[in-house]
Amino acid sequence: AKAVYEKLGTDGGLTKYKVTTDGDKGKESIVYFDDALGLPVKKEIFKAGEAGKSPEMTITLSGFKADTDEKLFALPEGLKKITAAEMKKLLSGGK
């Protein structure tokens, strides 16, 4: 579906867009984009023409941390590198 984004303004580090799609007839959304994170953090879904009223649904990103713990990506101690042929042999029961 084709989406059309209309920038509505920026406030407090959030840029607000009105989003309409041709695949979601009868609906429109307001998306809040956090400029510092580079991610959408909130989406409000409305019946078409009712943006500004109470949304039918709100989706919010919360508790997101952009920092990662390098330990999460460390290889485990004792890891043994094997070839593809060795892996095939292991998976086939040693045959």
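To keep things clear, this report deals only with the structure shown in the data block. (Residues numbered from 1 in each chain as written. Predicted model: local features only at pLDDT ≥ 70, side-chain atom pairs only at ≥ 80, totals over all residues. Heavy atoms only, no water.)

1. Re the packing of aromatic side chains
Which entries qualify depends on this criterion: Ring pairs are drawn from Phe, Tyr and Trp, using the six-membered ring of Trp, whenever the two centres fall within 6.5 Å, and their geometry is named by plane angle: stacked under 30 degrees, edge-to-face over 60, tilted for the rest. Working rule: Lys NZ or Arg CZ, within 6 Å of ring centre, within 35 degrees of ring normal, means a charge sits over the ring.
Per the stated rule, a full pass over the model turns up 1 aromatic pair. When the ring centre of tyrosine 32 is taken as reference, the NZ or CZ atom of lysine 42 above it lies at 5.2 Å.

2. A few points about the environment of serine 29
Condition: A helix here means a DSSP run of H or I that spans at least four residues, while a strand means a run of E at least two residues long, and both kinds are numbered starting from the N terminus. In this scheme, a residue with accessible area under 20% of its type's maximum is buried, one over 50% is exposed, and one in between is partly exposed, where area comes from a 1.4 Å probe on protein chains only. Contact criterion: two residues are considered in contact whenever any of their non-hydrogen atoms come within 4.5 Å of each other.
Following the sequence through the fold, serine 29 ends up in strand β3 (residues 27-34). Under the relative-accessibility criterion, serine 29 is labelled buried at 6%. When the C-alpha positions of serine 29 and phenylalanine 46 are compared, they lie 5.9 Å apart, and in sequence the two are 17 residues distant. Setting aside anything within four residues of it in sequence, one finds serine 29 in contact with Tyr17, Lys18, Val19, Lys43, Glu44 and Ile45.

3. Regarding the sheet that holds strand β2 (residues 14-21)
Using the following cut-off: What makes two strands pair is DSSP finding at least two bridges between them. Axis lines are fitted through C-alpha atoms, for helices just across the contact stretch, and the angle between N-to-C directions can take any value from 0 to 180 degrees.
Taken in spatial order, the 5 strands line up as β1-β2-β3-β4-β5 in an open sheet, and their pairing is antiparallel. Each end of this open sheet is capped by a strand with a single partner; those strands are β1 (3-11) and β5 (57-60). Each strand axis lies, on average, 15 degrees off the axis of its neighbour in the sheet, ignoring direction.

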